[in-house]
Amino acid sequence: MKTIYYVRHGESEGNAAGVLVDASLDAPLTTRGERQARQATVLLEGKQIDAIIASPMRRALQTARIIADGLGYKKEVVADALFTERDLGSATGLPREEGLALVRSGKAVGFETEEQLYDRAMKAIEKLRVLPEDHILVVGHNGMGKMMRLAIEGKPASEFTVGERLEHAKVYEFILG
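Residues numbered from 1 in each chain as written. Predicted model: local features only at pLDDT ≥ 70, side-chain atom pairs only at ≥ 80, totals over all residues. Heavy atoms only, no water.

(A) Region of interest: the overall build of the protein. For the protein, the count of helices and strands is six helices and five strands. Tracing the protein from N to C terminus, the helices and strands come up as β-α-α-β-α-β-α-α-β-α-β. Its C-alpha radius of gyration of 15 Å places the protein within 12% of the 16 Å reference for a compact globule of 177 residues. Taking the principal axes of its C-alpha atoms as reference, the protein extends roughly 45 × 35 × 20 Å. With 177 residues in all, the protein has 50% of them scored as buried. Taking as baseline every contact in the protein between residues at least 6 positions apart, the subset at least 24 positions apart corresponds to 76%. Here the protein has roughly 8,200 Å² of accessible surface; of this, 50% comes from carbon and sulfur atoms. (Helix = DSSP H or I, 4+ residues; strand = E, 2+ residues; numbered from the N terminus. Rg over C-alpha atoms; globule rule 2.2 N^0.38 Å. Buried < 20%, exposed > 50% of the residue type's maximum accessible area, 1.4 Å probe, protein only. Contact = heavy atoms within 4.5 Å. Areas by Shrake-Rupley, 256 points an atom, 1.4 Å probe, with all protein chains shown as cover.)

Next up, the structure:
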């Protein structure tokens, strides 16, 4: 059995501004986001971490590196694009509720569909499954984390809820059989 600890990055400047932040908007952490990352470190203390993988986006890498430093993790934090946030196309950068309405209505242009995100989540899970490490910390984003949870639980992409959010820097635990 493989244990995956999934952490959504700390608050980014885009989150704080109340806009939709996706794969194309690479916003750094706020001071609050850095503090949240340090709090995640406390939640992970005492847990075995054999590998740390993060989205290559700044907010996720910053969070992963803060956690790694706090835990005294000496290996490299591996950046992997499979864990990048969902692309929200023309809804990116819009005020949160306006952008979500555009995505829900299907009127956003160029966004990654739930089915595409589900396929990418399945690829990410399979990549984790074949790694030799058994206790893996993944630092990623809201959309990918929610979709990975659905896929691990054997639920379809259609159960994905636009607008529901994973908390910043909270530790979610998944077991891969």
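Having seen the model, we can carry on.
(B) Quick look at helix H4 (residues 96-105). For H4, the full list of buried residues reads Arg96, Gly99, Leu100 and Val103. Taken down its axis, H4 places every buried residue within 100 degrees of arc, on the same side. (Arc of directions from axis to C-beta.)

(C) Expanded view of the packing of aromatic side chains. The full count for this structure, using the stated rule, is one aromatic pair. With centroids separated by 6.2 Å and ring planes inclined at 40 degrees, the aromatic side chains of Tyr6 and Phe174 adopt a geometry described as tilted. Highlighted residues: Tyr6 in strand S1 (residues 2-8) and Phe174 in strand S5 (residues 171-176), separated in sequence by 168 residues. Assigned by exposure class, Tyr6 and Phe174 land together as buried. Sitting over the face of the ring of Phe160, Lys146 holds its NZ or CZ atom 4.3 Å from the ring centroid. (Phe/Tyr/Trp six-rings, centres within 6.5 Å; stacked < 30°, edge-to-face > 60°. Lys NZ or Arg CZ within 6 Å of the ring centre and 35° of its normal.)

(D) Quick look at the pattern of salt bridges. Within this structure, the stated rule accounts for eight salt bridges. For the salt bridge of Arg32 with Glu11, the shortest nitrogen-to-oxygen distance reads 3.2 Å. With Arg32 in helix H2 (residues 31-44) and Glu11 in the loop between S1 and helix H1 (13-17), this pair connects stretches of sequence that are 21 residues apart. In this structure Glu11 comes out as buried when scored by relative accessible area, which is 11%. In this structure, the salt-bridge partner of Asp80 is Lys127, at a minimum N-O distance of 2.6 Å. In this pair, Asp80 sits in the loop between strand S3 (78-79) and H4 while Lys127 sits in helix H5 (residues 114-130), placing the two residues 47 residues apart along the sequence. (Salt bridge = Lys/Arg side-chain N within 4 Å of Asp/Glu carboxyl O.)

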